[in-house]
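Residue-level structure breakdown
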Amino acid sequence: MKDERRFFAIVAVLMVATVIGFSNLSQKAEQGENLKGLQPLRVKGGVLTDDLGNPIKLFGVNLFESHLGWVIDQDVAEMKRNLKAISALGFNAVRVPLNMSYIEPALKVFPDDPRYEGVMKQHRLKANFPKFLDELVKISGKLGLYVILEFHELPADPWRYFAGGDEKLRKTGKHGGAISWMARITYSQDGTIERVELDWDKAFEHVPKALAWLAKRYKGNPAIAAIEVPWNEPVGGLADDENAYFRLVQACARAVKRVDPQRLVFMDVQDWGAGINFLSPSSCWRIPDEVDALFPHFYFGMHCPHMTYETALQIAAAHWVSWFLAWGKPVLIGEYGIAGLNWESWLKGNGEVLMKRYQLFGDNPNRKAFHADVIRACLEQWLKMGVDGVFYWAWWCGIQGQEVGQRTYTLTHGLEILGEFAQKFKGAKVKAVDAKIAVVCDKGRRAQYGDLCDLAAISQVLVEANAVPYHVVFSEAIMAERRWLYQLRRYARVIVLTDSLQDEVLTKVRLVVQPSRLILVTQEESGWREKLMNSLN
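An account of the accompanying structure is given in this report. Numbers given to residues run from 1 along each chain, matching the order in which its sequence is written. With the structure being a predicted model, the display of local features is reserved for residues of pLDDT at least 70 and the display and counting of side-chain atom pairs for 80 or more, all residues being used for whole-chain, interface and lining totals. Calculated side-chain values reflect all of the structure's heavy atoms, with hydrogen atoms and water omitted.

A word on the environment of Lys348
- A run of H or I in DSSP counts as a helix once it spans at least four residues, and a run of E counts as a strand once it spans at least two, with each numbered from the N terminus. Along the polypeptide, Lys348 turns up in helix α10 (residues 344–349).
- Three exposure classes are used, based on accessible area relative to the maximum for each residue type with a 1.4 Å probe and protein chains only: buried under 20%, partly exposed in between, and exposed over 50%. Among the residues examined, Lys348 registers a relative accessible area of 62% and is labelled exposed.
- When the C-alpha atoms of Lys348 and Leu455 are compared, they prove to be 24 Å apart, with 107 residues separating the residues in sequence.

This is the structure we're talking about:
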């Protein structure tokens, strides 16, 4: 009898093992079926590569609807129609903005919690969002599109309609009913809402956990290129403090890596993702080891307000991205596009040339040519600077698509230029890490608003001489960490902007850079441009 029991027990174990084995094989087969030649992405030697070590460039687009209409309607057919169009146009990646409310609609309530469905229904939201997201990832993989997941918004707005709120109540002082448990709400004496702001303490504690939930759900899935941290365009609060932001990013990145050690983590930088108004060390040279790549945002016009249009077409995108290239991490542009072209002060400052070239303020403005020229300039400059990826903002039933009231599912209004660059970008050989030239300058001399002086003036010379890609090593980094000083040894030429530079920095640079490779520039001297150009030849 004991032998019979033992026999049946062994048979039962074998059957369970067989079922589990077939289940695992089925899952692996399904995952393989879902992918169109996609391999897990890695970072090797500061370069984005596939699993075999081959460099890869991501030519991507942001999905405007992934945190808006698609989430509310969850129309898989419509989502698939858009993804097919994106793939057919030559893109190989999508950035998927999400509202964190869909992952954690109430404190510590995730989709695998029995309470999840009830909380979502309470806010008039569909509870099958996780399955919809699964389909988005699956379809993207089938189409050869890598996916980057990011929290575009946190649950901190009481009126957001796509988080279950009523936008009509926004200015009434009444709560709109949206998921907003991460908001710090101040009420007036009459009970109306006076002020709403993000509760940064809650964000620090809970955003890492929500990112970890995403990492766990898609652990090992090659279609996921990366998870972005901490969230989209962080500004204010902890994002204004260098040390606090470092800890926040590190906590988010560690949470992802703890669940899926091989998953890449991309980091959005401070100051609305652009580092224009202030550029903290925690957005460039002092980055947590757990972060694999930088993912800043750039909008032509908005992010070079003092630069003339003609000069911006020549250097604006290259000048800006140079701030991020020297720090040993791949750089991908998380957002760019034509959204910044309506920056009023910039338009006024360039009114004459824009009118002459495009009749921009006339009866028949040629916006198509205007858009094409701007996007072409950005992409050409980033190609030459060797960035590892770009993601246009944004696809919405096409570009411009729904933004102009049409469902085109293609590129229109001058954005056809994106299709022309798809293969150029994916096949690009230039790598930022191969830069042979470095510029050393004080961070305050980076000409962040585009004035044609200081670093921007040097950038213009370098671009004209085709001395690209180039790196910028800020003097503050050299003083903070010895490794940035020693890195100067690897460049064929080191240009030092001496204006406002501490004597100690120049002394340190002279100790590690041979005189034959050192070029000192003082812009107060007449003829410095010609001297620099001659030194580069």
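Re the state of the cysteines
- Note on terminology: disulfide denotes any pair of cysteine sulfur atoms within 2.5 Å. Per the counting criterion, the structure on display carries zero disulfides.
- Here Cys453 stays free of any disulfide, with the sulfur of Cys441 as its closest cysteine sulfur at 11 Å.

Notes on helix α9 (residues 309–321)
- Working rule for helices: expected span equals 1.5 Å times residues minus one. The end-to-end C-alpha distance of α9, which contains 13 residues, comes to 18 Å, matching closely the 18 Å that a straight helix rising 1.5 Å per residue would cover.
- In α9, a bend of some 55 degrees at Ile315 exceeds every other bend along the element.
- Of all the 13 residues making up α9, 11 are buried; the element is thus mostly covered by neighbouring parts of the structure.
- Buried within α9 are the following residues: Tyr309, Thr311, Ala312, Leu313, Ile315, Ala316, Ala317, Ala318, His319, Trp320 and Val321. What we call the bend at a residue is the angle made by axes fitted to the seven residues finishing there and the seven residues starting there.

Focus: helix α14 (residues 454–464)
- Of all 11 residues that make up α14, nine are buried, and the element is covered over most of its length.
- For α14, the full list of buried residues reads Asp454, Leu455, Ala456, Ala457, Ile458, Ser459, Gln460, Val461 and Leu462.
- One or two positions beyond α14, positive phi appears at Asn466, with a value near 55 degrees.

A word on the packing of α9 against helix α11 (residues 351–358)
- A fitted line through C-alpha atoms represents every axis, and for helices the fit uses only the stretch in contact; the resulting angles, taken between N-to-C directions, go from 0 to 180 degrees. Between α9 and α11, whose axes approach to 9 Å, the crossing angle comes to 85 degrees. Taken as axis vectors, α9 and α11 run roughly perpendicular relative to one another. Contacts from Tyr309, Glu310 and Leu313 of α9 reach α11 at Val353, Leu354, Arg357 and Tyr358.
- Under the scheme applied, nonpolar residues are Ala, Val, Leu, Ile, Met, Phe, Trp, Tyr, Cys and Pro; charged residues are Asp, Glu, Lys and Arg; polar residues are all the others, including Gly. Partitioned by chemical class, the residues of the contact of α9 with α11 number five nonpolar, no polar and two charged. Relative orientations are named as follows: roughly parallel for angles under 35 degrees, roughly antiparallel for angles over 145 degrees, roughly perpendicular for angles from 65 to 115 degrees, and oblique for any other angle. By definition in these notes, contact holds between two residues if any of their heavy atoms fall within 4.5 Å.

Digging into the sheet that holds strand β14 (residues 470–474)
- Across the sheet, four strands lie side by side as β14-β13-β15-β16; this open sheet has parallel pairing. Both outer strands of the open sheet, β14 and β16 (518–521), are each paired with one neighbouring strand and no more. Ignoring strand direction, the axes of neighbouring strands in this sheet form an average angle of 20 degrees.
- Here, a strand pair is defined by DSSP locating no fewer than two bridges between the strands. Across four bridges, the pairing between strand β15 (residues 493–497) and β16 is parallel. Along β16, the bridge assignment pairs Leu497 with Val521.
- Along the sheet, helix α18 (residues 528–536) contacts β13 (437–441), β15 and β16; its crossing angle with β16, the most-contacted strand, is approximately 170 degrees.

Examining unusual backbone geometry
- With omega at -15 degrees, the peptide bond leading from Val229 into Pro230 counts as cis.
- In this structure, Pro230 sits in the loop between β8 (224–229) and α7 (242–259).
- Of note in the backbone geometry, Gln74 takes a positive phi value of approximately 50 degrees without being a glycine.
- If you trace the backbone, Gln74 turns up in the loop between α2 (69–73) and α3 (76–88).
- Classification of Gln74 as buried rests on a relative accessible area of 11%.
- In this structure, Ala447 takes a positive phi of about 55 degrees despite not being glycine.
- Considering the arrangement of structural elements, one finds Ala447 in the loop between β13 and α14.

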